[in-house]
Amino acid sequence: QVQLVESGGGLVQAGGSLRLSCVASGRTFSRHTMGWFRQAPEKEREWVAAIRWSMGSTYYADSAKGRFTISRDNAKTTMYLQMNSLKPDDTAVYYCALTPRTPVVSAVGDPNQYDYWGQGTQVTVSS
C-alpha cells in the first residue's frame, strides 16, 4: 500500500508562484512513475506533469511547459511541482498520483495508469 499526501496549495495572485509537495509512504518501488493532475470545478481531471523516478525523466502537458517544473527527492520520498507565472486558469485541486509501472510516454498522462492518489490540495489564482 502507498499513501500520498499533498501540501503547498493556497491563494496566489496571477503571476505568482507556488510549490506543491507530495510525500509518499508505505510500500516502495524501484521503477515507479509519479505525476501531478488537477481538476477544476465542472471540468475533467487534467494531467499536468509526470516523472520517472529512477532516471528523473520528466514530461509535461502543454499547459505546464515553460512554467511548471516537476522534481523528486529520493531521500525524502517526495515529489514537487514548482509552479511559476501562475494564471487564473491554473485554479484547481491538484492531486499527486503514483503507478508502480512505467507507462509508455504516450500514456504517462492517462489517469487510468495511476493506482494511488492523494487527497488533493487547492490552488487558487486570483486575477
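Please refer to the structure placed before this passage.
All values derive from a computational prediction rather than experimental measurement.

(A) Broad picture of the state of the cysteines. Applying the stated criterion across every chain, the model contains 1 disulfide. For Cys-22, the disulfide goes to Cys-96, at an S-S distance of 2.0 Å. Across the S-S bond of Cys-22 and Cys-96 the torsion is about 55 degrees, and the bridge reads as right-handed. You can see Cys-22 sitting in strand β3 (residues 18-26) and its partner Cys-96 sitting in strand β9 (residues 92-99), a full 74 residues away along the chain. Across the pair, Cys-96 and Cys-22 agree in class, each one buried.

(B) Local environment of the nonpolar core. Counting residues in each nonpolar core, the largest one holds 29 residues, and the members touching the most others are Leu-4, Trp-36, Met-79, Leu-81, Met-83 and Tyr-94. Looking at this core, the elements with two or more residues in it are β1 (2-7), β3, β4 (33-39), β5 (46-52), β7 (68-73), β8 (78-83), β9 and β11 (121-126). The next biggest cluster of nonpolar side chains, apart from the first, holds 8 residues, and it includes Phe-37, Trp-47, Ala-61 and Tyr-114.

The rules behind each value
- Residues numbered from 1 in each chain as written.
- Predicted model: local features only at pLDDT ≥ 70, side-chain atom pairs only at ≥ 80, totals over all residues.
- Heavy atoms only, no water.
- Disulfide = S-S within 2.5 Å.
- Helix = DSSP H or I, 4+ residues; strand = E, 2+ residues; numbered from the N terminus.
- Buried < 20%, exposed > 50% of the residue type's maximum accessible area, 1.4 Å probe, protein only.
- Core = buried A, V, L, I, M, F, W, Y, C linked by side-chain atoms within 4.5 Å.

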